[in-house]
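Residues per chain, in single letters:
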Amino acid sequence: MIREKNKKLVVITGMTQGLGRSLIDRFSELGWFIAGCGRSKDKIEQIRSQFDSKHDFQSVDISDNQAVSAWGAHILQRYGTPDLLINNASIVNKNADLWTIYSEEFANVMNINVNGAVNVIQSFVPAMIHNKRGIIINISSSWGRSGEAKLAPYCASKFALEGLTQSMALELPKELAVVALDPGGGIHTSMLQSCAPEYVSSSPTAEDWSHVAVPYMLSITSNDNGKSLTCPKVMSGANE
């Protein structure tokens, strides 16, 4: 694969399902080159076949620092520096009171949702700083700004991502920006089905969401550095 010089590059984690999968369609339609990763090798192969090698999709566990470092080096060497980096990958705990959650499950949520984002940032952002351009979007949640019963690990991870974003913003040069982005309420995904099924019927699909979210993402500039932003609300079925 060769990235055409006039094509912008977006790096997306967690792109095999949910919000990440919908982002692939929108950025591809806009003519961007996409470098994406996800943990499921089978889903990666399915998506590769759908896009006929137009993009670069790899199976990567973002909680594995060495694996992310190798992936980042591959992308940077082959395609150059991202114009946009979207830390989207995340998991949610099984609904339970905090004191009943196994330490391994809590650690797994933090390792992917927080440590994973840090691994990706450390692999790509130095090159973005060197080139003096780029936007980093850390996908947060309304549950990263207010707590929710039975979801303490997930909330803690998203609160951490909000704080990480604010601190990182103070460290970036003025040409770059990092923001925390709440998708804008519940989106009908397998994650929402798992943790809050009562909201599914009233929530837009990831497909509907992406038609609103991507233009909003592309409106973010260096003037937004450090902000906690929220995607505009989309009505279910808006693009049917």
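To start, this report covers the structure provided alongside it. (Residues numbered from 1 in each chain as written. Predicted model: local features only at pLDDT ≥ 70, side-chain atom pairs only at ≥ 80, totals over all residues. Heavy atoms only, no water.)

**Observations concerning the side chain of Thr16**
Turning to its location among the elements, Thr16 is positioned in the loop between β1 (9–13) and α1 (18–29). Among the residues examined, Thr16 registers a relative accessible area of 14% and is labelled buried. Sequence-distant contacts of Thr16, defined by excluding residues within four places in its chain, comprise Arg21, Gly38, Ser40, Lys43, Ile44 and Ile47. (Helix = DSSP H or I, 4+ residues; strand = E, 2+ residues; numbered from the N terminus. Buried < 20%, exposed > 50% of the residue type's maximum accessible area, 1.4 Å probe, protein only. Contact = heavy atoms within 4.5 Å.)

**Considerations on the pattern of salt bridges**
One pass over the structure, following the stated rule, counts nine salt bridges. One salt bridge connects Glu45 with Arg48, and the closest N-O pair in it is separated by 2.6 Å. Residue Glu45 and its partner Arg48 are both found in helix α2 (residues 41–51); the two are separated by three residues, about one turn of the helix. On the basis of relative accessible area, Arg48 is assigned to the partly exposed category, the value being 30%. Asp224 serves as the salt-bridge partner of Lys227, at 3.1 Å between the closest nitrogen and oxygen. Using a relative accessible area of 38% as the deciding quantity, one classes Lys227 as partly exposed. One continuous salt-bridge network, built from bridges that share partners, spans Arg26, Glu29 and Glu207. (Salt bridge = Lys/Arg side-chain N within 4 Å of Asp/Glu carboxyl O.)

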